[in-house]
Amino acid sequence: MRLILFGPPGCGKGTQAELLCREFGIAHLSTGNMLRDAVSAGTEIGLRAQEIMEAGALVPDDAVVGIISDRFDQKDCGKGFVLDGFPRTVAQAESLDELLVEKRFELDRVIEIKVADELLIERISGRFSCSECGAGYHDRFRLPKRANTCDTCGGTGFTRRKDDNEMTVRQRLNSYHTQTEPLLPYYNNRGLLAPVDGMAKIEDVTAEIQEILSVR
Ligand code: AMP
């Protein structure tokens, strides 16, 4: 199974990607997570990306394409993968096509998770995650069952992304509408694109995606 998950920041791509990867035993390829790891590790790409990410703009195509190309060579991608947050520009989509031919991978589906902009700001502004295992939470929609304790690993430390504030979110949404949305026809013309309602409950979005995947 090889999928792309599309959608604006805060639409639930990461959550859905994790669920799908667990179900199908495939790799979760999130360029956002990989870039954040690079920033924390202080690598050359991380140093290049940090300011750009904090401003809510897009990191240069060559940097993210390089990251994905290396990642495709790792063993866990053999069974399949979910691309989360990549490609984000036409140039990235073209590079992805070349990589897929080179690695002999074929895409099964491209899922677009649709959510209205106003909802996204509210969703993103309340996000936080476990510092130990990365499990995601939200001030209003998904608090840990026990106060200040991660449901998944029991960790007690939590972090918030620096770019999860209203001003940066507006910039990230702008990047999505101007640079990423134009990719949708690119995949629609190939019959790969399927939209889902990202404003439904998490489990309903998952069910809708599973339904789409079952008919192919
Ligand atoms: P995300 O976690 O997917 O919301 O990504 C966080 C930030 O990482 C984005 O706002 C961009 O600055 C950067 N980023 C992630 N993926 C890409 C990509 N495919 N192309 C360019 N920048 C990216």
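Residues numbered from 1 in each chain as written. Predicted model: local features only at pLDDT ≥ 70, side-chain atom pairs only at ≥ 80, totals over all residues. Heavy atoms only, no water.

## Side note on the sheet that holds strand β5 (residues 127–130)
Okay, step 1: In spatial order, the strands read β6-β5-β7; together these three strands make up an open sheet with antiparallel pairing. Sheet topology places β6 (136–138) and β7 (158–159) at the edges, where each strand pairs with a single neighbour.
Okay, step 2: Across two bridges, the pairing between β5 and β7 is antiparallel. Residue pairing for β7: Ser129 is matched across the bridge by Thr159. (Pairing = 2+ DSSP bridges. Helix = DSSP H or I, 4+ residues; strand = E, 2+ residues; numbered from the N terminus.)

## Regarding the site of the ligand
Okay, step 1: Taken together, 16 residues are adjacent to the ligand, and Thr31, Ala57, Gly85, Arg88 and Gln92 come closest.
Okay, step 2: Gln92 places a side-chain nitrogen or oxygen 2.9 Å from a nitrogen atom of the ligand.
Okay, step 3: With respect to the ligand, the side chain of Arg172 contributes an N or O atom lying 3.4 Å from an oxygen atom.
Okay, step 4: It is helix α2 (residues 31–41) that contributes the most residues to the shell around the ligand, four residues altogether.
Okay, step 5: Along the lines of polarity and charge, the residues of the shell around the ligand split into seven nonpolar, four polar and five charged. (Near = heavy atom within 4 Å. Polar contact = N/O pair within 3.5 Å; in protein donor to acceptor, adjacent residues only side chain to side chain. Nonpolar A, V, L, I, M, F, W, Y, C, P; charged D, E, K, R; others polar.)

## Focus on the sheet that holds strand β4 (residues 109–114)
Okay, step 1: Strands sit in the order β2-β3-β1-β4-β8 across an open sheet of five strands; the sheet is parallel. Here the strands that pair on one side only, and so sit at the sheet edges, are β2 (27–30) and β8 (193–197). The mean angle between the axes of side-by-side strands here comes to 20°, regardless of whether they run parallel or antiparallel.
Okay, step 2: The sheet contact formed by β2 and strand β3 (residues 81–84) spans four bridges and is parallel. Residue pairing across strands places Ser30 opposite Asp84, the latter belonging to β3.
Okay, step 3: Helix-sheet contacts for helix α1 (residues 13–24) involve β1 (2–6), β2, β3 and β4, and the interaxial angle to β3 is about 175°.
Okay, step 4: Each of β2 and β3 is contacted by α2, which is oriented at about 70° to β2, the strand it contacts most. (Axes fitted to C-alpha atoms, helices over the stretch in contact; angles between N-to-C directions. Contact = heavy atoms within 4.5 Å.)

## Looking at the packing of α2 against helix α4 (residues 61–72)
Okay, step 1: Remark: α2 packs on α4, axes separated minimally by 11 Å, with the N-to-C direction vectors making an angle of 100°. The orientation of α2 relative to α4 falls into the category roughly perpendicular. Residues Thr31, Met34 and Leu35 of α2 form the contact with α4, whose own contacting residues are Val64, Ile67, Ile68 and Arg71.
Okay, step 2: Residues belonging to the contact of α2 with α4 are distributed by class as follows: five nonpolar, one polar and one charged. (Parallel < 35°, antiparallel > 145°, perpendicular 65-115°, else oblique.)

## Looking at the pattern of salt bridges
Okay, step 1: Applying the stated criterion across every chain yields a total of 16 salt bridges.
Okay, step 2: Linking Asp139 and Arg160 is a salt bridge whose minimum nitrogen-to-oxygen distance equals 2.9 Å. In this pair, Asp139 sits in the loop between β6 and β7 while Arg160 sits in the loop between β7 and α7 (166–180), placing the two residues 21 residues apart along the sequence.
Okay, step 3: A salt bridge links Arg172 to Asp164; the shortest N-O distance between them is 3.0 Å.
Okay, step 4: By relative accessible area, which is 9% here, Asp164 ends up buried.
Okay, step 5: A network of salt bridges, in which partner residues are shared, links Arg127, Arg161, Asp163, Asp164 and Arg172. (Salt bridge = Lys/Arg side-chain N within 4 Å of Asp/Glu carboxyl O. Buried < 20%, exposed > 50% of the residue type's maximum accessible area, 1.4 Å probe, protein only.)

## Notes on α7
Okay, step 1: Over its 15 residues, α7 runs 20 Å from end to end, which matches the ideal 21 Å to within 8%, given 1.5 Å per residue.
Okay, step 2: Summarising the contacts, the buried residues of α7 are in contact with β1, α3 (44–54), α6 (117–125), β5 and α8 (184–188). (Expected span 1.5 Å × (residues − 1).)

## Description of the packing of aromatic side chains
Okay, step 1: Here the structure, examined in full by the defined rule, presents eight aromatic pairs.
Okay, step 2: Measuring from centroid to centroid gives 6.0 Å for Phe6 and Tyr187, while their planes differ by 50°, and the two rings are tilted. Remark: Tyr187 occurs in helix α8 and Phe6 occurs in strand β1; sequence separation between them is 181 residues. Exposure class is identical for Phe6 and Tyr187. Each is buried.
Okay, step 3: Both rings, one in Phe72 and one in Phe81, keep their centres 4.8 Å apart while their planes meet at 35°; by these two values the pair is tilted.
Okay, step 4: According to the relative accessible area criterion, Phe81 is buried, its value standing at 0%.
Okay, step 5: An aromatic cluster is built from Phe6, Tyr186 and Tyr187, whose rings are joined through pairwise contacts.
Okay, step 6: Sitting over the face of the ring of Tyr137, Arg142 holds its NZ or CZ atom 5.5 Å from the ring centroid. (Phe/Tyr/Trp six-rings, centres within 6.5 Å; stacked < 30°, edge-to-face > 60°. Lys NZ or Arg CZ within 6 Å of the ring centre and 35° of its normal.)

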